[in-house]
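These are the residues of each chain, in order.
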Amino acid sequence: TLSYNESLHHANWVGWTLNKSHIGKIERQNDFSVDKTLPKGFILITPKDYSRSGYDRGHLCNSQAWTDSLEDNQETFLMTNMIPQSPKCNRGTWKELEDYCQKLALSEKILTIYAGSYQNKGYISSKNIDVPKFCWKVIFIKDVKEPICVIMPNSEDIKTGWINYKVDLDYIENITKYKF
């Protein structure tokens, strides 16, 4: 599920449930594609809109957690699930947290995850795709009282170790204005 923001040209947030059954043997598809389900009149973001921007097409809902079917994995490559992410954030600290969530799911945990971005630091493409200053994630684990909450800089200066960016749920709710 996602909340798409036409003026940012990416999702406000994406939410999903992750458990062991979602993780299978399907290979990563890498078939980034336009989401044609957006309402008529919306500007459609294409994979090429990120070309030579210095930013990755960063998944909010990661593809490695959706390898149970070809269709599920392909859906994670829709451009409505992407934000401009710095390579070091996307392939480093953000991925460390994705890997941790997958490890929890493989150990029979059930997770409900929300991911999004916060604050503008510029734009890419002639379509003015918002580049977020921060990426956040809220992870509820069934039968665990406190969620895991992080907000990390979308920058090449990011430190490794997602745990360095843990915050309280109240903090994320205050800055995003969302109630989880």
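For the structure itself, look to the data block above.
What comes next is a walk through the structure. (Residues numbered from 1 in each chain as written. Predicted model: local features only at pLDDT ≥ 70, side-chain atom pairs only at ≥ 80, totals over all residues. Heavy atoms only, no water.)

## Quick notes on the overall build of the protein
Here's step 1: Along its length, the protein carries three helices and seven strands.
Here's step 2: The helix and strand sequence of the protein, counted from the amino end, reads β-β-β-α-β-α-β-β-β-α.
Here's step 3: For the protein, the spread of C-alpha atoms along the three principal axes comes to 45 × 35 × 30 Å.
Here's step 4: Sorting the 180 residues of the protein into buried and exposed places 47% on the buried side.
Here's step 5: For the protein, the share of sequence-separated contacts (at least 6 apart) that also reach a separation of at least 24 residues comes to 65%.
Here's step 6: Element-wise, carbon and sulfur atoms account for 49% of the exposed surface of the protein, whose accessible area totals about 9400 Å².
Here's step 7: Each charge class in the protein can be summarised by its mean position, and for the 23 positive and 22 negative side chains these summaries are 3 Å apart. (Helix = DSSP H or I, 4+ residues; strand = E, 2+ residues; numbered from the N terminus. Buried < 20%, exposed > 50% of the residue type's maximum accessible area, 1.4 Å probe, protein only. Contact = heavy atoms within 4.5 Å. Areas by Shrake-Rupley, 256 points an atom, 1.4 Å probe, with all protein chains shown as cover. Lys, Arg positive; Asp, Glu negative; His and termini not counted. Charge placed at Lys NZ, Arg CZ, Asp CG, Glu CD.)

## Some details on the sheet that holds strand β1 (residues 2-5)
Here's step 1: Judged by pairing direction, the sheet is antiparallel, and its five strands sit side by side in the order β1-β2-β5-β6-β7 without closing on themselves. Bordering the open sheet on either side are β1 and β7 (148-153), each of which pairs with just one other strand. Ignoring strand direction, the axes of neighbouring strands in this sheet form an average angle of 15°.
Here's step 2: Inspection of the sheet shows β1 paired to strand β2 (residues 10-18) by four bridges, in the antiparallel sense. (Pairing = 2+ DSSP bridges. Axes fitted to C-alpha atoms, helices over the stretch in contact; angles between N-to-C directions.)

## Some thoughts on the pattern of salt bridges
Here's step 1: Counted by the stated rule, this structure contains five salt bridges.
Here's step 2: Between Arg 91 and Asp 56 there is a salt bridge, with its nearest N and O atoms 2.7 Å apart. One end of the pair, Arg 91, is in helix α2 (residues 87-106); the other, Asp 56, is in strand β3 (residues 56-59), with 35 residues separating them in the sequence. (Salt bridge = Lys/Arg side-chain N within 4 Å of Asp/Glu carboxyl O.)

## Side note on the nonpolar core
Here's step 1: With 28 residues, the main nonpolar core has Trp 16, Leu 18, Leu 111, Ile 139 and Met 152 as its most contacted residues.
Here's step 2: Secondary-structure elements contributing two or more residues to this core are β2, α2, β5 (111-124), β6 (129-141) and β7.
Here's step 3: The greatest single-element share of this core, amounting to six residues, is contributed by α2.
Here's step 4: Other than its neighbours up to four places away in sequence, Leu 111 contacts Trp 16, Thr 17, Leu 18, Cys 101, Leu 104, Ala 105, Ile 139, Phe 140 and Ile 141.
Here's step 5: If you look at the next biggest cluster of nonpolar residues, it comprises 11 residues, including Leu 38, Tyr 50, Met 82 and Ile 129. (Core = buried A, V, L, I, M, F, W, Y, C linked by side-chain atoms within 4.5 Å.)

## Examining the pairing of β6
Here's step 1: Burial of β6 is extensive: 10 of the 13 residues sit out of reach of the surface.
Here's step 2: The pairing of β5 with β6 spans 12 bridges and is antiparallel. Bridged to Tyr 114 within β6 is Val 138.
Here's step 3: Where β5 folds back on β6, the antiparallel hairpin that results is connected by four residues, among which Ser 125 adopts a positive phi of roughly 70°.
Here's step 4: Of the pairings in the sheet, the one linking β6 to β7 comprises six bridges and is antiparallel in character. Among the inter-strand pairings, Phe 134 is bridged to a residue of β7, identified as Pro 153.
Here's step 5: In sequence, β6 turns back onto β7 through a hairpin of six residues, with Asp 143 there showing a positive phi of about 70°.

## Overview of unusual backbone geometry
Here's step 1: Its identity is not glycine, yet Asn 30 carries a phi of approximately 55°, on the positive side.
Here's step 2: The phi angle at Gln 119 is positive, at roughly 65°, despite the residue not being glycine.
Here's step 3: Inspection of the secondary structure assignment puts Gln 119 in strand β5.
Here's step 4: Residue classification places Gln 119 among the partly exposed positions, given a relative accessible area of 38%.

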